[in-house]
Amino acid sequence: MKLDMWQGKNTSSQKVLKKLSPAEDNRKLYEKTWEANEGLIYHESGSSGFVIPLPNNTGIMRDFESDGSAPAMRVPHIFKNVRFLHAQMSANPPTVIAKPATADQSDYYKASAGDKLARYLPKQYKLQEKVDQVSLYTIIYGSGILKTTYDPFRGDIISRDLEAGTLELEGDISIYVPDLKNIWIDPDAKSIDDDFLIKVS
């Protein structure tokens, strides 16, 4: 198992191992909720008519009294959030429109280029699919991460050496949604600038 710290590349391996244990203990508080949410959304019981026992400490239920004498009913809201909120976020993505700031011709050309770029990038990198995955993870697990890196092995070929059998590529950005079950968040982190993401690969 290889441990890696996304934030703070100069962090020593000893510090990473020291942070991993409290990060694992902190995440155990939420894993029961994750399992309950997955059971409701993905029907992990394997039957059409099923009942999943939901522990009281999952945090996904809302108590209310139907009347003064009736016991409290516990209603899961995760399915409603996925069915309605996630569908609405997917059907109504943010729209980016570049407009010239002035009537100057150069501003018009810049706005036109920016508008073409805003329409090209989502299709080129399949951003809609990735944003949908992030929003789904956020609803089910409480967090969603969209990771952007530079991949030197992507893009068009710049040169090739047939004798050595090597290729030089121009490189390109890589955008993906990591599995949250392979990530632990440092409970001591105060902001996104801290050493807060521990990835297992």
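Presented here is an overview of the structure given in this document. Chains are numbered independently. Their residues run from 1 in the order of the written sequence. Restriction of local features to residues with pLDDT of at least 70 applies here, the model being predicted, together with a cutoff of 80 or more for giving and counting side-chain atom pairs; totals for whole chains, interfaces and linings are based on all residues. Hydrogens and waters are ignored; side-chain quantities use all the structure's heavy atoms.

**Section: the nonpolar core**
Short version of the rule: Within this scheme, the nonpolar core is defined by two criteria: the residues are buried Ala, Val, Leu, Ile, Met, Phe, Trp, Tyr or Cys, and they are joined through side-chain atoms within 4.5 Å. Exposure is judged per residue with a 1.4 Å probe applied to protein chains only, and the accessible area is read against the type maximum: over 50% gives exposed, under 20% gives buried, and values in between give partly exposed. Working definition: helices are DSSP H or I runs of at least four residues, strands are E runs of at least two. Numbering for both runs from the N terminus. Contacts are assigned to residue pairs with any non-hydrogen atoms lying within 4.5 Å of each other.
Residues I41, I78, V82, Y137, I140, Y141 and L180 are the most contacted members of the largest nonpolar core, which totals 15 residues. Breaking this core down by element, the ones donating at least two residues are α1 (13-42), α2 (78-91) and α4 (127-141). The biggest single contributor to this core is α4, with six residues. Beyond its immediate sequence surroundings of up to four residues, I140 is in contact with W34, N37, E38, I41, Y42, I78 and V82.

**A word on unusual backbone geometry**
For K126, which is not glycine, the phi dihedral falls at a positive 50°. Along the chain, the position of K126 falls in the loop between α3 (105-124) and α4. Taking relative accessible area as the criterion, K126 reaches 52% and is therefore assigned exposed.

**A look at the pattern of salt bridges**
Put simply, the rule reads: Salt bridge criterion: a side-chain nitrogen from Lys or Arg within 4 Å of a carboxyl oxygen from Asp or Glu.
Applying the stated rule across the entire model yields four salt bridges. The shortest N-O distance in the salt bridge between K181 and E38 comes to 2.8 Å. Separated by 143 residues along the polypeptide, K181 in the loop between β7 (172-176) and β8 (183-185) and E38 in helix α1 bring together distant segments of the chain.

**Some thoughts on the side chain of D172**
Put simply, the test is: The charge count treats Lys and Arg as positive and Asp and Glu as negative. His and the chain ends do not count. Any pair of nitrogen or oxygen atoms within 3.5 Å is treated as a polar contact; in protein, a donor-acceptor pairing is required on top of that, and neighbouring residues in sequence qualify only through side-chain atoms on both sides.
Residue placement: D172 occurs in strand β7. Salt bridges are absent for the buried D172, whose nearest opposite-charge side chain, R154, sits at 5.2 Å. There is a polar contact of 2.7 Å between the side chain of D172 and the side chain of Y125.

**What to know about the packing of aromatic side chains**
The condition that has to hold: Any Phe, Tyr or Trp ring, taking Trp's six-membered ring, that has another such ring centre within 6.5 Å forms a pair; planes under 30 degrees apart are called stacked, those over 60 apart edge-to-face, and the others tilted.
Tallied over the full model, the rule gives three aromatic pairs. Geometrically, the ring pair formed by W34 and Y141 is edge-to-face, given 5.2 Å between the ring centres and 75° between the ring planes. Residue W34 is located in helix α1, and its partner Y141 is located in helix α4; the two are separated by 107 residues in the primary sequence. With a relative accessible area of 9%, W34 lands in the buried category. Accessibility expressed as a relative area gives 13% for Y141, which makes it buried.

**Here's the deal with a nonpolar patch on the surface**
Applicable threshold: Like-charged residues within 9 Å of one another, or nonpolar side chains (Val, Leu, Ile, Met, Phe, Trp, Tyr) within 5 Å, are grouped into patches, provided each residue has over 30% relative accessible area and no salt bridge. Here the accessible surface of atoms and residues is derived via Shrake-Rupley with a 1.4 Å probe, and residues count as covered only by protein chains that are part of the display.
On the surface, L117, Y120 and L121 cluster together to form a nonpolar patch covering roughly 270 Å² of accessible area. In this structure, Y120 sits in helix α3. With a relative accessible area of 44%, Y120 lands in the partly exposed category.

**Remarks on the environment of D25**
Inspection of the secondary structure assignment puts D25 in helix α1. Judged by relative accessible area, D25 falls into the partly exposed class, the value being 44%. For the pair D25 and P187, spaced 162 residues apart in the sequence, the C-alpha separation amounts to 9.3 Å.

**A word on the environment of K80**
One can find K80 in helix α2. K80 sits in the partly exposed class, given a relative accessible area of 43%.

**Here's the deal with the pairing of strand β6 (residues 166-169)**
Quick reminder of the rule: In this analysis, strands are considered paired if DSSP registers two or more bridges between them.
Bridging between strand β5 (residues 157-161) and β6 involves four bridges; their strand directions are antiparallel. Looking at β6, one finds that D161 is bridged to T166. Between β5 and the antiparallel strand that follows it, β6, lie four residues; G165 among them carries a positive phi value of about 70°.

**Description of the packing of α2 against α4**
This is how the line gets drawn: All axes here are fitted lines through C-alpha atoms, helices being fitted over the stretch that makes contact, and every angle between N-to-C directions spans 0 to 180 degrees. Convention used here: angles under 35 degrees read as roughly parallel, angles over 145 as roughly antiparallel, angles from 65 to 115 as roughly perpendicular, and any remaining angle as oblique. In this scheme the handedness of a crossing depends on how the near helix is turned from the far one: anticlockwise by less than a right angle means left-handed, clockwise means right-handed. Think of it as three bins: nonpolar holds Ala, Val, Leu, Ile, Met, Phe, Trp, Tyr, Cys and Pro, charged holds Asp, Glu, Lys and Arg, and polar takes everything else, Gly as well.
At a closest axis distance of 10 Å, the pairing of α2 and α4 adopts a crossing angle of 155°. Regarding the angle of α2 to α4, the classification is roughly antiparallel. Crossing hand, α2 versus α4: right-handed. Residues I78, N81, V82, L85, H86, M89 and S90 of α2 form the contact with α4, whose participating residues are Q128, D132, S135, L136, I139 and I140. Within the contact of α2 with α4, the residues separate by chemical class into seven nonpolar, five polar and one charged.

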